[in-house]
Amino acid sequence: MNLILLGPPGAGKGTQAQRLEEKHNLKQLSTGDMLRAAVASGSELGSQVKGIIDRGELVPDDIIVEMIAERIQRPDCAGGFILDGFPRTVPQAEALDEMLAQNDLKLDCVIELKVDDGALVARVSGRFTCAACGAGYHDTNKPTKRAGVCDSCGGKEFIRRDDDNAETVAARLEAYHRQTAPLLPYYDGRGTLSSVDGMGGIEQVAAEIDAVLNKCKTGG
Ligand code: ADP
Ligand code: ADP
Ligand code: ZN
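Just so it is clear, the model here is predicted, and its values are computed rather than measured.

Caption draft 1: Region of the structure containing the packing of helix α4 (residues 61-71) against helix α5 (residues 90-102). Packing of α4 against α5 brings their axes to within 10 Å, and their N-to-C directions diverge by 30 degrees. On the basis of the axis angle, α4 is roughly parallel to α5. Considering the relative orientation of α4 and α5, their crossing is right-handed. Facing Asp-61, Ile-64, Val-65, Ile-68 and Ala-69 of α4, the residues of α5 in contact are Pro-91, Gln-92, Ala-95 and Met-99. Looking at side-chain class alone, the contact of α4 with α5 contains seven nonpolar, one polar and one charged residues.

Caption draft 2: Expanded view of the site of ligand 1. Inspection of the region around ligand 1 gives 17 residues, with Gly-10, Lys-13, Thr-15, Arg-127 and Tyr-137 positioned closest. The separation between an oxygen atom of ligand 1 and a polar main-chain atom of Ala-11 is 3.2 Å. At 2.9 Å from a nitrogen atom of ligand 1 is found a side-chain nitrogen or oxygen belonging to Asn-141. In the complex, the protein chains occlude 91% of the 560 Å² of accessible area that ligand 1 would expose alone. Counting residues per element, the ones that place at least two in the shell around ligand 1 are α1 (13-24), β6 (136-138) and α9 (202-217). Examining the composition of the shell around ligand 1, we find that three residues originate from one element, α1, more than from any other. Here the shell around ligand 1 is built from residues that sort into six nonpolar, eight polar and three charged.

Caption draft 3: A look at the sheet that holds strand β5 (residues 127-130). Reading across from one edge, β6-β5-β7 is the order of the three strands in this open sheet, with antiparallel pairing throughout. Edge positions in the sheet fall to β6 and β7 (158-159), since each has one partner strand and no second. As paired elements, β5 and β7 share two bridges and run antiparallel to each other. Its bridge partner lying in β7, Thr-129 is registered against Ile-159.

Caption draft 4: Seen up close, the coordination of the zinc ion (ligand 3). At 2.3 to 2.4 Å from the zinc ion (ligand 3) lie its protein donor atoms, namely Cys-130 (SG), Cys-133 (SG), Cys-150 (SG) and Cys-153 (SG). Bound by four donor atoms, the zinc ion (ligand 3) shows angles of 102 to 115 degrees at the metal and therefore tetrahedral coordination geometry. Using a relative accessible area of 39% as the deciding quantity, one classes Cys-133 as partly exposed. In this structure Cys-150 comes out as buried when scored by relative accessible area, which is 3%.

Caption draft 5: Structural view of the site of ligand 2. In the vicinity of ligand 2 there are 19 residues, among which Thr-31, Arg-36, Glu-57, Arg-127 and Arg-172 approach most closely. Contact between ligand 2 and Arg-36: an oxygen atom at 2.9 Å from a side-chain N or O atom of the residue. Here a nitrogen atom of ligand 2 sits 2.9 Å away from a polar atom, N or O, in the side chain of Gln-92. Against a free-state accessible area of 560 Å², the protein chains account for coverage of 97% of ligand 2. Among the elements that line the shell around ligand 2, the one with the most residues is helix α2 (residues 31-41), at four residues.

Caption draft 6: Looking closely at empty space enclosed by the protein. Scanning the model with the defined rule gives one cavity of 30 Å³ or more in all. One number sums up the size of the largest cavity: a volume of about 60 Å³. Taken together, Leu-5, Leu-6, Gly-7, Lys-13, Gly-85, Phe-86, Pro-87, Arg-88, Tyr-176 and Thr-180 make up the full set of residues lining the largest cavity. Put simply, the parts of the chain that give the lining of the largest cavity at least two residues each are β1 (3-6) and α7 (166-180).

Caption draft 7: Inspection of the packing of aromatic side chains at higher detail. Under the definition given, this model contains four aromatic pairs. When the centroid spacing of 5.6 Å and the interplanar angle of 25 degrees are considered together, the rings of Phe-128 and Tyr-137 count as stacked. Both rings, one in Tyr-137 and one in Phe-158, keep their centres 6.1 Å apart while their planes meet at 80 degrees; by these two values the pair is edge-to-face. Here the residue Tyr-137 occupies a position in strand β6, and Phe-158 occupies one in strand β7, the gap between them amounting to 21 residues. Looking at Tyr-137, the relative accessible area reads 6%, which means it is buried. Through a chain of ring-to-ring contacts, three or more aromatic side chains come together here, namely Phe-128, Tyr-137 and Phe-158. Lying over the aromatic face of Tyr-137, Lys-142 brings its terminal NZ or CZ to 5.5 Å of the ring centre. When the ring centre of Tyr-186 is taken as origin, the NZ or CZ atom of Arg-190, which lies over that ring, is 4.0 Å away.

Criteria and thresholds
- Residues numbered from 1 in each chain as written.
- Chains lettered and ligands numbered in written order.
- Predicted model: local features only at pLDDT ≥ 70, side-chain atom pairs only at ≥ 80, totals over all residues.
- Heavy atoms only, no water.
- Axes fitted to C-alpha atoms, helices over the stretch in contact; angles between N-to-C directions.
- Helix = DSSP H or I, 4+ residues; strand = E, 2+ residues; numbered from the N terminus.
- Parallel < 35°, antiparallel > 145°, perpendicular 65-115°, else oblique.
- Left-handed = near helix turned anticlockwise from the far one by under 90°.
- Contact = heavy atoms within 4.5 Å.
- Nonpolar A, V, L, I, M, F, W, Y, C, P; charged D, E, K, R; others polar.
- Near = heavy atom within 4 Å.
- Polar contact = N/O pair within 3.5 Å; in protein donor to acceptor, adjacent residues only side chain to side chain.
- Areas by Shrake-Rupley, 256 points an atom, 1.4 Å probe, with all protein chains shown as cover.
- Pairing = 2+ DSSP bridges.
- Donors = N, O, S within 2.8 Å, 3.2 Å for Na, K, Ca; no water.
- Tetrahedral: all angles 85-135°; square planar, octahedral: opposite > 155°, others 65-115°.
- Buried < 20%, exposed > 50% of the residue type's maximum accessible area, 1.4 Å probe, protein only.
- 1 Å grid on protein atoms, 1.4 Å probe; cavity = no way out; pocket = protein on both sides within 12 Å on 5 of 7 lines; lining within 4 Å.
- Points joined across faces, edges and corners; volume = space filled by probe spheres on them.
- Phe/Tyr/Trp six-rings, centres within 6.5 Å; stacked < 30°, edge-to-face > 60°.
- Lys NZ or Arg CZ within 6 Å of the ring centre and 35° of its normal.

The structure is reproduced here in structure tokens:
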């Protein structure tokens, strides 16, 4: 099964993708994580994209498309993948259609997480992840069970993203509405779009996603 999780910054895409990865044995492909890894490695790509990410703008389509085209062909994607943060523009969606056709792959479902803009700043401002395993948390909505210790791996170091501040979030939201929201009619027109209320708690959203996936699997 191959899925897209679509939604504004802080909607819960990564949180739900991590859960689906375990439950349905799918591979999470987060373009944001890939770009941050490139920045951290000090590669040429990393230095090319760092300023763009810090300003909350979108990285050029050709860079992103090349990254994903290579990634979906790796063996760990053979059981299916979850695209988290890609596509983010109509040209990226068109390039995805092309690469899926070339690899004889199909998109089963596009799930939109609908969250009010007003709730997103609080979500993003409280976000942190485990430095060792990448598990995602939130200061108030999803704290670690033991203070300062990762639930998944016992790690004690955590990361907060430089771009998770109120000012950059405003720019990222603007980019979402202007450049990414046109993907909703794009996929709705193909009958692959399902929208889920992302305002509920993490478990409630997870249950709604599972219901949508059951429908996708049975082709209804
Ligand atoms: P995205 O990948 O869409 O940017 P994340 O999954 O990283 O979003 O979620 C942003 C923050 O909000 C994280 O700190 C996460 O723990 C928290 N979060 C995710 N889903 C919910 C939810 N349904 N209710 C409350 N907080 C949530
Ligand atoms: P979030 O889900 O919280 O919005 P991501 O981790 O998906 O954040 O993305 C962080 C940043 O990386 C974006 O603001 C953008 O600069 C860049 N980025 C990630 N994915 C894409 C993409 N598909 N196209 C263009 N830029 C991207
Ligand atoms: Zn961890």
